[in-house]
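Remarks on the overall topology
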Amino acid sequence: MSSPSLGTAVGRVVPRGSRVLTLLVAATLLIGGAIWLFPVDMPLVTLLVPLVVSSLVLGPRQLPWFVVFVLLVLALVIPAQDPMTVRIGLTVVIIFGLGFMVLLSSFRRSRLGVAGIQGEMMFVDLRDRILRQGGIPDLPEEWYAASELRSAGGTPFAGDFVVASRVEGRLEVAVVDVSGKGQGAGTRALLLCGAIGGLLSALPPSEFLAGANRFLLQQDWDEGFATAIHLSLDLETGHYDIRSAGHPPAALRHAGSGRWEVLESEGPILGLIDGADFPTVSGEMRHGDALLLYTDGMVETRTRDIALGIDRMLGQAERLLRGEFEGGATRLVEALGSRNDDRALLLVHRR
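Sequence order as written defines the numbering, with residues in each chain counted from 1. In keeping with the model being predicted, local features are shown solely for residues with a pLDDT of at least 70 and side-chain atom pairs are shown and tallied solely at 80 or more, while totals for entire chains, interfaces and linings include all residues. Side-chain numbers come from the whole structure's heavy atoms, not from hydrogens or water.

**Brief notes about the sheet that holds strand β4 (residues 226-234)**
The antiparallel open sheet is built from 5 strands, whose spatial order is β2-β3-β4-β5-β8. Each having just a single partner strand, β2 (160-167) and β8 (280-284) make up the two edges of the open sheet. In this sheet, adjacent strand axes meet at a mean angle of 15 degrees when their direction is disregarded. A pair of strands is labelled paired if DSSP reports no fewer than 2 bridges between them. In this text, helices come from DSSP runs of H or I with a minimum length of four residues, and strands from runs of E with a minimum of two, each type numbered from the N-terminal end. Bridge analysis of strand β5 (residues 239-245) against β8 gives 5 bridges, and the strand direction is antiparallel. Fitting a line to C-alpha atoms yields each axis, with helices limited to the stretch in contact; the angle taken between N-to-C directions then spans 0 to 180 degrees.

In structure tokens form, the structure reads like this:
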């Protein structure tokens, strides 16, 4: 039986955060001593190195005290600067100003309770885990489905998302647009994405939007509403049921005629009306048919009505797809919609 390594034993005795703090304190003392002994060769700005590193790796309990410690070391080594010039004075003011900014950020970070890099990694990991639910599950060979998402400004967080699940021979997909923009919409979308992913797999198709509506009503958000469209597709027969909650209508391309049909389905927006009813539009996808589900960012702009935007999207779909549906979702998202709004698109094709 192998004995634990020295690093593991030390880690059990001295917490990692304490070890990092000890190293930073030692480095600050060494830098302060060097500035005191060699004031000409060692600039004061060297103290910014432990200050910046501490803002990245120390937790909110340790960071304020370490910032005060660095500023104290700076105050002690100032008398060694001879003569005291305007340049040195400005350097001292800048270092104190940056230290004050780091101190303020540590107070805001105390709400999260973790260090800067660790908090960012946790948030990114949460985003990746939740958005992974939007991946299309494996489908039979006769089916092709792909989703694409683009956020306003190119950020990785968006108020639009796609959630998909395969349940008992059916493909269940929801395309959702959360109210608002920016960080507020992105955080609400992350929470709602996880909840809707669970509801999509747990509830019968006819009850899904009603369950999502109840969930939103319980959140008591200031902007607590969302639009959604739900597709329940039988992978054996091609029969589909589409239900909408204040969302732009789906569009079906008939392989026989080559024409696109807008599938109007009206239902109230999620999170506004308790006990709302969501009518169903049903049909059958035959071989060669294609189906588009999308958010309003694909078809609506400040200068264009949504109906005109749908016509333009279907015209672009006919031109860009031309029977080549693989990669079609990417081509459509890149060609259509407002760059100032989130965009999401789902393309389903029966080969």
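**What to know about the side chain of aspartate 234**
Within the secondary structure, aspartate 234 is located in strand β4. Under the scheme applied here, a residue whose accessible area is under 20% of the maximum for its type counts as buried, over 50% as exposed, and between as partly exposed, the area being computed with a 1.4 Å probe on protein chains only. Looking at aspartate 234, the relative accessible area reads 18%, which means it is buried. Under the rule applied, a polar contact is a pair of N or O atoms within 3.5 Å (in protein, one hydrogen donor and one hydrogen acceptor; residues adjacent in sequence only if both atoms are side-chain atoms). One polar contact links the side chain of aspartate 234 to the main-chain amide nitrogen of threonine 237, over a distance of 3.3 Å.

**Things to note about the sheet that holds strand β7 (residues 260-263)**
Strand order in the open sheet formed by 5 strands is β1-β10-β9-β6-β7, and the pairing between neighbours is antiparallel. A single partner strand is all that each edge strand has here, and the edge strands are β1 (143-150) and β7. With strand direction ignored, the average angle separating the axes of adjacent strands in the sheet is 15 degrees. Bridging between β1 and strand β10 (residues 343-350) involves 8 bridges; their strand directions are antiparallel. Looking at β10, one finds that leucine 149 is bridged to alanine 344. Contact definition: two residues touch when any of their heavy atoms are within 4.5 Å. Sitting on the sheet, helix α9 (residues 306-321) touches β6 (250-253), β7, β9 (290-294) and β10, and the angle it makes with β7 is about 140 degrees. Where helix α10 (residues 328-335) meets the sheet, it contacts β1, β9 and β10, and its direction lies at approximately 30 degrees from that of β1.

**So, the packing of helix α3 (residues 48-57) against helix α4 (residues 63-77)**
Relative orientation of the contacting elements α3 and α4 amounts to 175 degrees, with a least axis distance of 10 Å. Looking at the two axes, α3 sits roughly antiparallel to α4. Every residue of α4 that contacts α3 at Pro50, Leu51, Ser54 and Ser55 is listed here: Leu63, Phe66, Val67 and Val70. Residues were grouped as follows: Ala, Val, Leu, Ile, Met, Phe, Trp, Tyr, Cys and Pro as nonpolar; Asp, Glu, Lys and Arg as charged; and all remaining residues, including Gly, as polar. Here the residues of the contact of α3 with α4 sort into 6 nonpolar, 2 polar and no charged. To sort the angles, those under 35 degrees are grouped as roughly parallel, those over 145 as roughly antiparallel, those from 65 to 115 as roughly perpendicular, and the leftovers as oblique.

**Points about the environment of arginine 243**
For arginine 243, the location among the structural elements is in strand β5. Through-space distance from the C-alpha of arginine 243 to that of glycine 267 is 7.5 Å; in sequence the pair is 24 residues apart. Not counting chain neighbours up to four residues away, the residues in contact with arginine 243 comprise Pro205, Ser206, Leu209, Ala228, Ile229, His230, Phe278, Pro279 and Thr280. Separated by 2.9 Å, the side chains of arginine 243 and threonine 280 make a polar contact.

**A word on the side chain of serine 265**
Along the chain, the position of serine 265 falls in the loop between β7 and β8. The contacts of serine 265, once residues within four sequence positions are left out, are Ile242, Ser244 and Val281.

**Some details on the packing of aromatic side chains**
Two rings from Phe, Tyr or Trp (for Trp, the six-membered ring) form a pair when their centres are within 6.5 Å of each other. A pair whose planes differ by under 30 degrees is stacked, one over 60 is edge-to-face, and the rest are tilted. Tallied over the full model, the rule gives 1 aromatic pair. Between phenylalanine 66 and phenylalanine 69, the ring centres sit 6.2 Å apart and the planes meet at 40 degrees, which makes this aromatic pair tilted. With phenylalanine 66 and phenylalanine 69 both in helix α4 and 3 residues apart, the pair spans about one turn of that helix. Under the relative-accessibility criterion, phenylalanine 66 is labelled buried at 2%. For phenylalanine 69, a relative accessible area of 23% puts it in the partly exposed group.

**A few points about the pattern of salt bridges**
Whenever Lys or Arg places a side-chain nitrogen within 4 Å of a carboxyl oxygen from Asp or Glu, that contact is recorded as a salt bridge. With the rule as written, the count across this model stands at 7 salt bridges. Between arginine 170 and aspartate 234 there is a salt bridge whose closest N-O contact spans 3.7 Å. Of this pair, arginine 170 sits in strand β3 (residues 170-178) while aspartate 234 sits in strand β4; the two residues are 64 residues apart in sequence, bridging distant segments of the chain. Given the relative accessible area of 18%, arginine 170 is considered buried.

**As for the packing of α9 against α10**
Contact geometry of α9 with α10 gives a least axis separation of 10 Å together with a crossing angle of 135 degrees. Put simply, α9 runs oblique to α10. For the pair α9 and α10, the sense of crossing is right-handed. Residues Arg312, Gln316, Ala317, Leu320 and Leu321 of α9 form the contact with α10, whose own contacting residues are Gly328, Arg331, Leu332 and Ala335. Taken together, the residues of the contact of α9 with α10 break down into 5 nonpolar, 2 polar and 2 charged. The sense of a crossing depends on the near helix, which, turned anticlockwise from the far helix by less than a right angle, makes the crossing left-handed and, turned clockwise, makes it right-handed.

Function cannot be inferred from these measures alone, as they are strictly geometric.
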